[in-house]
Amino acid sequence: MYSVPKLTDYSAAALERASAELFSALGAEASAVKNEADWKLFRDRWMARKNGVLTQINDLWLKAAPKDAKREAGQQVNLIKEQVEQKVEGAKAWLRAPVLEVTRPGIEVPAPELERYAFEKVGAVDITLPGVRRPIGAEHPVIKTTNEMVRVFQKLGYSVADGPVVETDYYNFESLNFPVNHPARDTQDTLFIAGQQGKAQRERLLLRTHTSPVQIRTMEKMRPPLRIVIPGVVHRNDPPDASHSPMFHQIEGLAVDTNITFGDLKGTLDHAMKEFFGSSVKTSFRPSFFPFTEPSAEMFVSCFICGGSGKRGSDPCRPCKQTGWIEILGCGMVDPNVFEFVKDNGYDPRKVSGFAFGMGADRIALLKYGVDDIQLFFQGDVRFLGQWA
């Protein structure tokens, strides 16, 4: 009986040899299926979630593969998964009554050969056979990362908010305390809609550069207290490379109430990072600047890849640049000037306070899944995306 070997060689030739051995065993076991009980044993041996052959392949081949071999191993594991599913379904399809009579009297065909006989000799089609099976999709790794992070804040009582991707200058900049001459208003960073020259600046349309406009829009509709998390796509005029894309995803959050302090901000984000990355991670806050928060900070987490040591064995840890820390988001207390724009809806800066934070979902996905090029997320290559199926 076939048992899954551990691989020490992940070259293409070695993967093909190991796969060929597996396919040979798979075909032999499939041909031995004679009845429903045999089929169930066959199915469970290869597809059981806890200890099936597919699960062992995923653990011993894909998860154990070195980083530079994960793509090839993932493609091979996906091929094996597809072949096993087809064999299991095929073995079930041939199970029929022991002996059945077909169109001409006196001709009896054993059940495992009935469908083949009917198709080749008589021209009939068995409509009970399974149809063309469509492959089942899976969450995109960026969407999966976003949903996981959003769920962390939902457990803390945050609601999910959304807003338009095409925004006005007012919501994207002015109401968020961006001065008129702020560099982010320049076309070097922002993608403006053409033909807006005749409009007042605050009315000009653009592709939002962050999901922060949703904060203002939500405060216009809802009175405090308020706790929202805002996932969404944003755009900036960045040339695409391994770490930049003109389109990417953000997750922002806003909490407003009476007597909210920077301590509440630190406690909330520390808890969220431990929920997402694991209870062993530590957090660190370092002063920074953002127009819509004051004071502002950048939050770092201890490197969950090297454990904060800065090294992976004898090699340097590239994700944290050997520092043991990874910058994960920007945050701060909401600037009172921002509250002035929604003061009439209960956000008097003398009575309420709040904090906000924002992070890039794509960058977190890069770190979490060990991907070294953000462009892979957006090229639509199913061989790459299928690794998360």
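Shown above is the structure to which this text applies.
Definitions and limits used
- Residues numbered from 1 in each chain as written.
- Predicted model: local features only at pLDDT ≥ 70, side-chain atom pairs only at ≥ 80, totals over all residues.
- Heavy atoms only, no water.
- Helix = DSSP H or I, 4+ residues; strand = E, 2+ residues; numbered from the N terminus.
- Buried < 20%, exposed > 50% of the residue type's maximum accessible area, 1.4 Å probe, protein only.
- Polar contact = N/O pair within 3.5 Å; in protein donor to acceptor, adjacent residues only side chain to side chain.
- Pairing = 2+ DSSP bridges.
- Core = buried A, V, L, I, M, F, W, Y, C linked by side-chain atoms within 4.5 Å.
- Contact = heavy atoms within 4.5 Å.
- Expected span 1.5 Å × (residues − 1).
- Arc of directions from axis to C-beta.
- Axes fitted to C-alpha atoms, helices over the stretch in contact; angles between N-to-C directions.
- Phe/Tyr/Trp six-rings, centres within 6.5 Å; stacked < 30°, edge-to-face > 60°.

A. Geometry of the environment of Asp 59. In this structure, Asp 59 sits in helix H3 (residues 53-63). Residue classification places Asp 59 among the partly exposed residues on the basis of a relative accessible area of 36%. Within the structure, the side chain of Asp 59 is placed 3.5 Å from the side chain of Lys 63, a separation counted as a polar contact.

B. Here's a closer look at the pairing of strand E8 (residues 283-290). Where E8 and strand E9 (residues 293-302) come together, 7 bridges link them in antiparallel fashion. Within E9, the position partnered with Pro 287 by the bridge is Ala 297. The antiparallel pairing of E8 with E9 creates a hairpin that spans 2 residues between the two strands.

C. Representation of the nonpolar core in the model. Ranked by internal contacts, the top residues of the largest apolar core, which has 44 residues, are Phe 153, Leu 269, Met 273, Ile 328, Leu 329 and Met 359. Within the residue set of this core, elements represented by two or more residues are helix H6 (141-155), strand E7 (247-257), helix H9 (262-277), E9, strand E12 (325-334), strand E13 (353-360) and helix H11 (361-369). Ranked by residue count, the leading element in this core is H9, at 6 residues. Setting aside anything within four residues of it in sequence, one finds Met 359 in contact with Met 149, Phe 153, His 249, Gln 250, Ile 251, Met 273, Ile 328, Leu 329 and Ile 364. Counting residues in hydrophobic clusters, the runner-up holds 27 residues, among them Ala 25, Ala 65, Ala 73 and Val 88.

D. Focus on helix H2 (residues 36-47). Helix length check: H2, at 12 residues, gives a terminal C-alpha distance of 16 Å against a target of 16 Å (1.5 Å per residue), a fit within 8%. The complete set of buried residues in H2 reads Trp 39, Phe 42 and Trp 46. All buried residues of H2 project into a common sector of 65 degrees when viewed along the axis, lining one side. Looking at where H2 begins, the residue whose side-chain oxygen comes 3.2 Å from the main-chain nitrogen of Ala 37 is Asn 35.

E. Molecular detail of the sheet that holds strand E6 (residues 226-235). Taken in spatial order, the 7 strands of this open sheet run E3-E6-E7-E13-E12-E9-E8, and their pairing is mixed. Only two strands of the sheet have a single neighbouring strand rather than two, namely strand E3 (159-160) and E8. Sheet strands in contact with H6 are E3, E6, E7 and E13, and its direction is about 165 degrees off that of E6.

F. Local environment of the packing of aromatic side chains. Under the definition given, this model contains 13 aromatic pairs. With a centroid separation of 4.9 Å and an interplanar angle of 25 degrees, the aromatic rings of Phe 153 and Phe 357 are classed as stacked. Taken together, the positions of Phe 153 in helix H6 and Phe 357 in strand E13 put the pair 204 residues apart, joining distant regions of the chain. When its relative accessible area of 2% is taken as the criterion, Phe 357 is described as buried. Between the aromatic rings of Phe 276 and Phe 277, the centroid separation amounts to 4.8 Å while the plane-to-plane angle is 85 degrees, which identifies the pairing as edge-to-face.

G. Main features of the pairing of E9. The element E9 is extensively covered by neighbouring structure, given that 7 of its 10 residues are classed as buried. In the sheet, E9 pairs with E12 via 8 bridges, with the strands oriented antiparallel. If you follow Val 301 over to E12, its bridge partner there is Ile 326.

H. Broad picture of the side chain of Thr 211. As for its position among the elements, Thr 211 is in the loop between strand E5 (205-207) and helix H8 (213-221). Side chain to side chain, Thr 211 and Glu 252 meet in a polar contact 3.3 Å long. Residues within four places of Thr 211 in sequence aside, it is in contact with Ile 230, Pro 231, Gly 232, Val 234, Gln 250 and Glu 252.

I. Representation of the side chain of Thr 218. Counting through the fold element by element, Thr 218 comes out in helix H8. The exposure class of Thr 218 is buried, given its relative accessible area of 8%. Setting aside residues no more than four positions away along its own chain, Thr 218 makes contact with Ala 161, Leu 226 and Ile 228.

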